[in-house]
Amino acid sequence: MTRQFWIRAAVCCGLCAALLCGCTAAPSRSTVTPQDPLTGEQPAAPGQRVVAVSIANDPAAGLQCGISTASVVLEALTVQDTPTRLCLVYPSIEQVPQVGPVRSARDQHLQCAMPLNSIIVHIGTSIYAENLLNQYQYATVNGMYQGSTSFWFDEARKAAGFENWHCWYTDAALIAAGMEKLGLSGTGASQALFDFVAHDAQPVVPAQGDAADVAFSFSDSGAVTLTYDAAASKYLKTAYGAPHVDESTGAQLAFDNVMVLFTDVKLKNPDDPNNNVMDFAMGSGTGYYCYGGKFRAVTWEKGNPEDPLRLKDENGAALQVNVGKSYVAIVGKDREGTLLFGGVSPTGVIGGEGASSDAQSGAAASAEPEL
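Here we summarise the structure given alongside this text.

## Some details on the nonpolar core
Residues Leu88, Val214, Phe216, Leu226 and Tyr327 are the most contacted members of the largest nonpolar core, which totals 42 residues. Apart from residues no more than four positions distant in its own chain, Tyr327 is found in contact with Val73, Glu75, Phe216, Phe218, Val224, Leu226, Lys237, Phe255, Asn257, Val258 and Met259.

## Points about the side chain of Ser126
Along the chain, the position of Ser126 falls in the loop between strand S4 (119-122) and helix H3 (127-135). Separated by 3.0 Å, the side chain of Ser126 and the backbone nitrogen of Ala129 make a polar contact. Discounting chain neighbours no more than four positions away, the residues touching Ser126 are Ala105, Arg106 and Asp107.

## Digging into empty space enclosed by the protein
Applying the stated criterion across every chain, the model contains four cavities of 30 Å³ or more. As a volume, the largest cavity reaches approximately 60 Å³. Around the largest cavity sit Ala52, Val53, Ser54, Cys87, Ala105, Arg106, His109, Leu110, Ala113 and Ile120, which together line it. Among the elements of the structure, strand S1 (51-55) and helix H2 (107-113) are those that each provide at least two residues to the lining of the largest cavity. Taken together, the residues of the lining of the largest cavity sort by class into seven nonpolar, two polar and one charged.

## Notes on the pairing of S4
Along S4, one buried face is formed by Ile119 and Val121 and the opposite face, lined by Ile120 and His122, is buried too. Bridging between S1 and S4 involves three bridges; their strand directions are parallel. Of the residues in S4, the one forming a bridge with Ala52 is Ile120. The sheet contact formed by S4 and strand S5 (residues 141-142) spans two bridges and is parallel. Bridged to Val121 within S5 is Val141. Of the crossover connections in this fold, the one passing from S4 over H3 to the parallel S5 is right-handed.

## A few points about the packing of aromatic side chains
The relative placement of two aromatic rings is captured by the distance of their centres and the angle of their planes. In total, this model carries nine aromatic pairs according to the counting rule given. Where Tyr228 meets Tyr235, the ring centres are 5.1 Å apart and the plane angle is 55°; that geometry is what we call tilted. Given the relative accessible area of 0%, Tyr235 is considered buried. With 5.4 Å between their ring centres and 45° between their planes, Phe255 and Tyr327 make a pair best called tilted.

## Observations concerning the environment of Tyr138
Tracing the sequence through the fold places Tyr138 in the loop between H3 and S5. Classification of Tyr138 by relative accessible area gives buried; the value is 16%. C-alpha separation for the pair Tyr138 and Asn117, spaced 21 residues apart in sequence, amounts to 9.5 Å. Ignoring sequence-local partners within four residues, the contact set of Tyr138 consists of Arg49, Ala113, Met114, Asn117, Ser118, Ile120 and Leu133.

## Observations concerning the pairing of strand S22 (residues 326-332)
Within S22, seven of the seven residues are buried, which leaves it mostly tucked inside the rest of the structure. What you see with S22 is no split at all: Ser326, Val328, Ile330 and Gly332 on one side and Tyr327, Ala329 and Val331 on the other are buried throughout. By the bridge criterion, five bridges tie strand S2 (residues 72-76) to S22 in an arrangement that is parallel. By the bridge assignment, Glu75 is partnered in S22 with Ala329. Relative to S22, strand S15 (residues 257-263) is paired through seven bridges, and the arrangement is parallel. Paired with Val258 across the strands is Tyr327, a residue of S22.

## A closer look at unusual backbone geometry
Across the junction of Gly100 and Pro101, the peptide omega takes the value 0°, indicating a cis bond. In this structure, Pro101 sits in the loop between strand S3 (85-90) and H2. One non-glycine residue, Ser233, adopts positive backbone phi at about 55°. Among the structural elements, Ser233 can be located in the loop between strand S11 (223-229) and strand S12 (234-239). On the basis of relative accessible area, Ser233 is assigned to the partly exposed category, the value being 39%. Even without being glycine, Tyr240 reaches a positive phi, approximately 55°.

Procedures and definitions
Residues numbered from 1 in each chain as written. Predicted model: local features only at pLDDT ≥ 70, side-chain atom pairs only at ≥ 80, totals over all residues. Heavy atoms only, no water. Core = buried A, V, L, I, M, F, W, Y, C linked by side-chain atoms within 4.5 Å. Buried < 20%, exposed > 50% of the residue type's maximum accessible area, 1.4 Å probe, protein only. Contact = heavy atoms within 4.5 Å. Helix = DSSP H or I, 4+ residues; strand = E, 2+ residues; numbered from the N terminus. Polar contact = N/O pair within 3.5 Å; in protein donor to acceptor, adjacent residues only side chain to side chain. 1 Å grid on protein atoms, 1.4 Å probe; cavity = no way out; pocket = protein on both sides within 12 Å on 5 of 7 lines; lining within 4 Å. Points joined across faces, edges and corners; volume = space filled by probe spheres on them. Nonpolar A, V, L, I, M, F, W, Y, C, P; charged D, E, K, R; others polar. Pairing = 2+ DSSP bridges. Right-handed = clockwise from strand over helix to strand, strands pointing away. Phe/Tyr/Trp six-rings, centres within 6.5 Å; stacked < 30°, edge-to-face > 60°.

Here's what the structure looks like:
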């Protein structure tokens, strides 16, 4: 009996030890925290592809619909001496409101949207955008082929005097109908736009200087200002001298993160006087990241069209971007001198001994970690 007792005791101890080891080796559930690929927050639409919609952004187009609910707004001057074009990115088809006026796709926006596995929605393309889509055999929801299946024409707008190309709109149901007709899936993995701070962590506030007002221009007529609203903890966008508002909601565009990225820009075909389409060096560049009324200098890399956009700090490490909505401006390097933070050029702040005394004292008083 005594021998059997000790054998049984040894076996029990061995089983307990194995169980304990198994429990210790199992990874903690908290170590894997899913994040929304566009905002870094808890996923808004797990397993769904994000949606990128190209829309007009010129005064002649009037107010736009659906812009205030986009998770990301990309803006760039794609054609010389014209207004900029916007690309709005939403978490999924179901979360696309009525949006428009929908315009043609531009290769600058496509190079940011394609790496995200976006459902790209547009009406027509530039020849360069068409070549890019064909090269990668990337299927999109294009109004030139989908027509009324995925878009609707606002007759009231036309009667009010707007051009035809400023009267086309889409929404979640229309995009879904187009996807079904094309045999495309709305599910799939979407690569994260940025390297985000954990959504349950404290924000990381830039510490190079103050950025209560961010002002710059894409062109002589394309001035933009983003003013930090401390009460709302958001940057509010102004364009063409007026608040940039959503016609559907009346809400002014508001962002947690602001990225102003500079790169070399030239005409794609300078020998053709009728071709004023801009060519962006999308491989890499410099820029600034603003959050919480503060800024810091960054570099960015992209590489090939299928490669994602990556922001880096001064040490070359991945920049930790705070969770929330983002505004990304891709601006010609020749316009870098127009960038002002609170009326002051950031190069003057960085070129001195670091952040201004106000920025340093503000950073010291902040309980949040700094970049």
